[in-house]
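Below are the chains, spelled out letter by letter.
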Amino acid sequence: MADIIRVADATKVIRGRTVLDHVTFDLERGGVYGFLGVNGSGKSMLFRAISGLIHLTSGTIEVFGEQVGKDVDFPSNMGLCFESSGFWDEKTGLQNLFYLASIRGVVGNKETECALERVGLDPKDVRPVSAYSMGMRQRLTIAQAIMEAPQLLIMDEPTNALDVDGIAIVANIIQEECSRGATVLVSSHNEPTVEALFDRTFQMEAGRAKEVS
């Protein structure tokens, strides 16, 4: 089952509250999978569990043959787009990507500059991230998620704070990443441009996931 993301009976309880409630599904490698739901429905918590950022209370998650939290702490070759992504505010966008790329050392200057251009940011912009608008910070978050051409791309509400042009860029990136073979997980809340790209769609409610299309 190395080509499957398998979530089996995934449950997470935080301070007596069940935020993931026996979630179970299999996702094949290479698709675009959408997770819909209002804030607090469990979308972000599910993505954090799949990415290894939180540990389940019970159940298991396997990503391409590796059990998260047992075989690996985090899925191998993964890109994350979360709203809370931290950056060095005093550095430029390009400098931030340079520092992040140096952690694994699998990409260099060309790839980081290309990632910025793909999201509509100028690699030559000398402004620090502290001067960025919310939309620009969101674009930078997407850039750091895609710069290493990850095998698994997890995008939590990637269109937050973006204008129409930015939403179109996100949709194009999702298509490009899927075309090169990445598996893309996207959470969304009423964004038709992105939701039209989903191969399969799950509705999240009260920590439960139900496939709806």
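The structure presented is a predicted model; accordingly, all values stated were derived computationally and were not measured.

Undergrad: What is the right way to read the overall build of the protein from this model?
TA: If you tally the helices and strands in the protein, you get six helices and 10 strands. Based on the C-alpha atoms only, the size of the protein along its principal axes is roughly 45 × 35 × 35 Å. Counted over contacts in the protein with a minimum sequence separation of 6, partners at least 24 positions apart contribute 67%. With 20 positive and 29 negative side-chain charges, the protein shows a separation of 4 Å between the mean positions of the two kinds.

Undergrad: Just to check I follow, could you spell out helix H1 (residues 43–50) for this structure?
TA: Three- or four-residue spacings in an α-helix give side chains the same orientation, since the helix completes a turn every 3.6 residues. Within H1, the full set of buried residues consists of Lys43, Leu46, Phe47, Ala49 and Ile50. All buried residues of H1 lie within an arc of 160 degrees about the axis, which places them on one face of the element. Within two residues after H1, glycine 52 carries a phi angle of roughly 85 degrees, on the positive side.

Undergrad: Is there a simple way to think about the layout of surface pockets in this case?
TA: Empty space left among the atoms is revealed by rolling a probe the size of a water molecule over them. Volume-wise, the largest pocket comes out at about 560 Å³. Along its surface, the largest pocket is lined by 21 residues, and Met78, Gly79, Leu80, Leu100 and Gln144 are the ones closest to its centre. For the lining of the largest pocket, the elements supplying multiple residues, two or more each, are strand S6 (78–81), helix H2 (93–104) and helix H4 (134–146). Considered class by class, the residues forming the lining of the largest pocket number 11 nonpolar, seven polar and three charged.

Undergrad: Explain unusual backbone geometry to me, please; I cannot follow it from the model alone.
TA: Only a minority of non-glycine residues have a phi that is not negative, and only a minority of peptide bonds are not trans. Of note, phenylalanine 64 is a non-glycine position whose phi angle comes to about 50 degrees, a positive value. For phenylalanine 64, the location among the structural elements is in the loop between strand S4 (58–63) and strand S5 (66–67). At asparagine 77, a residue that is not glycine, the phi angle is positive and equals roughly 55 degrees. Of note, asparagine 77 is situated in the loop between S5 and S6.

Scoring rules and cut-offs
- Residues numbered from 1 in each chain as written.
- Predicted model: local features only at pLDDT ≥ 70, side-chain atom pairs only at ≥ 80, totals over all residues.
- Heavy atoms only, no water.
- Helix = DSSP H or I, 4+ residues; strand = E, 2+ residues; numbered from the N terminus.
- Contact = heavy atoms within 4.5 Å.
- Lys, Arg positive; Asp, Glu negative; His and termini not counted.
- Charge placed at Lys NZ, Arg CZ, Asp CG, Glu CD.
- Buried < 20%, exposed > 50% of the residue type's maximum accessible area, 1.4 Å probe, protein only.
- Arc of directions from axis to C-beta.
- 1 Å grid on protein atoms, 1.4 Å probe; cavity = no way out; pocket = protein on both sides within 12 Å on 5 of 7 lines; lining within 4 Å.
- Points joined across faces, edges and corners; volume = space filled by probe spheres on them.
- Nonpolar A, V, L, I, M, F, W, Y, C, P; charged D, E, K, R; others polar.

Geometric descriptors of this kind do not, in isolation, establish any biological role.
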